[in-house]
Amino acid sequence: MSARQQINITVDGHYDPAEVALQQGVPAQLTFTRTSTQGCLAQVHSTDLHFTTELPLDQPQTVTAHSQLIEPVNFTLVVGWTW
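Note that the structure is a prediction, hence the values are computed from the model and not measured. (Residues numbered from 1 in each chain as written. Predicted model: local features only at pLDDT ≥ 70, side-chain atom pairs only at ≥ 80, totals over all residues. Heavy atoms only, no water.)

## What about the sheet that holds strand 1 (residues 5-11)?
In sheet architecture, strand pairing relies on hydrogen bonds along the backbone and comes in two forms, parallel and antiparallel. The sheet built from four strands is open, its strands ordered 2-1-4-7 with mixed pairing. Across the chains shown, the open sheet's two edge strands, defined by having one partner strand only, are strand 2 (15-16) and strand 7 (61-65). With seven bridges connecting them, strand 1 and strand 4 (residues 28-34) associate as parallel partners. Bridged to Thr10 within strand 4 is Thr33. (Pairing = 2+ DSSP bridges. Helix = DSSP H or I, 4+ residues; strand = E, 2+ residues; numbered from the N terminus.)

## Considering unusual backbone geometry
Look at the link from Asp16 to Pro17: it is a cis peptide, with omega at 5°. Positionally, Pro17 belongs in the loop between strand 2 and strand 3 (19-20). Despite not being glycine, Asp58 shows a phi value in the positive range, around 60°. Mapped onto the elements, Asp58 comes out in the loop between strand 6 (51-54) and strand 7.

## Thoughts on the nonpolar core
Counting 16 residues, the largest nonpolar core has Tyr15, Leu22, Leu30, Phe32 and Phe51 as the members making the most contacts within it. Only strand 1, strand 4 and strand 7 provide two or more residues apiece to this core. (Core = buried A, V, L, I, M, F, W, Y, C linked by side-chain atoms within 4.5 Å. Buried < 20%, exposed > 50% of the residue type's maximum accessible area, 1.4 Å probe, protein only.)

## Overview of the pairing of strand 6
The side-chain alternation of strand 6 yields one buried face, formed by Phe51 and Thr53, and one unburied face, formed by Thr52 and Glu54. Pairing geometry for strand 5 (residues 43-46) and strand 6, over four bridges, is antiparallel. Each residue of the ladder has a partner; that of His45, found in strand 6, is Thr52. Joining the antiparallel neighbours strand 5 and strand 6 is a turn of four residues, in which His50 adopts a positive phi near 60°.

So, in structure tokens, the structure goes:
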């Protein structure tokens, strides 16, 4: 059985934790659970891990990431402007 990292992130007006350290070269499953409509957090984005995913309220969303990074990974919100 191969090693895998499992990280749970709560989205409640911010990301908790907002930064995670992944073991280099070990696949990681990041599970985001949005528990509040506070803030602009209906979507999460990581340029470091090359993903963007929708975060429906109270529905855990899991992203599988393959990190070759050594530094911590940060998450950012995605803002869509409508004119």
